[in-house]
Amino acid sequence: MTDSTEKNDRAAITGTVTDIDGHPNLVLTRAFPMPAAELWRELTDSARLERWIGRWEGDPKTGRVAFFMTAEGEDVPPEEYTILECDPPRRFAGDTSAATGSWHLWFELVAKGEATLLVFGQRLNPGEDVGSIGPGWEYYLDRLVAVTKGRDASTIAWDAYFPAMQPAYQTLVAAG
């Protein structure tokens, strides 16, 4: 790790597993000191998304886009992303066609005056390894926090999340 890379200073995980419509969902929250409309752009505008996770290409009006996880490298093949719900700046939901199985991802933005609470979730499929999924979303959401504070997302160190948070997430699922 280089001197410019920031270690995660949280000792505990922030995710929970919650039943939503009869399905377990991994749910994580983050608070942002900005209006919901501004945070919505960070989560849906392709150029802004690319600063912390990836970009999309295509026409969202068709209900499908190609998503490139550019944070995973430059040669990562795109995943098809089906947009199921888009209610700016309140709620978004969609499904990926991930090679390991589809993922149902969603987020809600809750305005709190001039601040906004992001509630992010992933429906858990049977047998999925939340021990790696949870730390992954902690990492990406903290990268989002970093870029909204004007920092480079690369200052967030992956090794502070995985495998460090893996046992706590595995315990969370066992307890849920």
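Residues numbered from 1 in each chain as written. Predicted model: local features only at pLDDT ≥ 70, side-chain atom pairs only at ≥ 80, totals over all residues. Heavy atoms only, no water.

A.B. asks: Kindly report on the overall build of the protein chain, identifying the contributing residues and their values.
C.D. replies: Along its length, the protein chain carries four helices and eight strands. Tracing the protein chain from N to C terminus, the helices and strands come up as β-β-α-α-β-β-β-β-β-β-α-α. Restricting to contacts in the protein chain with at least 6 residues of sequence separation, those with at least 24 account for 48%. (Helix = DSSP H or I, 4+ residues; strand = E, 2+ residues; numbered from the N terminus. Contact = heavy atoms within 4.5 Å.)

A.B. asks: Give a description of the nonpolar core that names residues and reports values.
C.D. replies: In this structure, Trp-52, Leu-118 and Trp-137 are the most contacted members of the largest nonpolar core, which totals 37 residues. The set of elements that each furnish at least two residues to this core consists of β2 (23-32), α1 (36-44), β4 (64-68), β7 (104-112), β8 (115-123) and α3 (130-148). Among the elements that take part in this core, α3 stands out by supplying ten residues, more than any other. (Core = buried A, V, L, I, M, F, W, Y, C linked by side-chain atoms within 4.5 Å. Buried < 20%, exposed > 50% of the residue type's maximum accessible area, 1.4 Å probe, protein only.)

A.B. asks: Break down unusual backbone geometry for me, with residues and values.
C.D. replies: Residue Pro-89 is reached from Pro-88 by a cis peptide bond, and omega for that bond is -15°. For the peptide bond that leads from Phe-162 to Pro-163, omega is 10°, which places it in the cis range. One can find Pro-163 in the loop between α3 and α4 (166-175). Positive phi, close to 55°, is recorded for Asp-21, a residue that is not glycine. Positionally, Asp-21 belongs in the loop between β1 (16-20) and β2.

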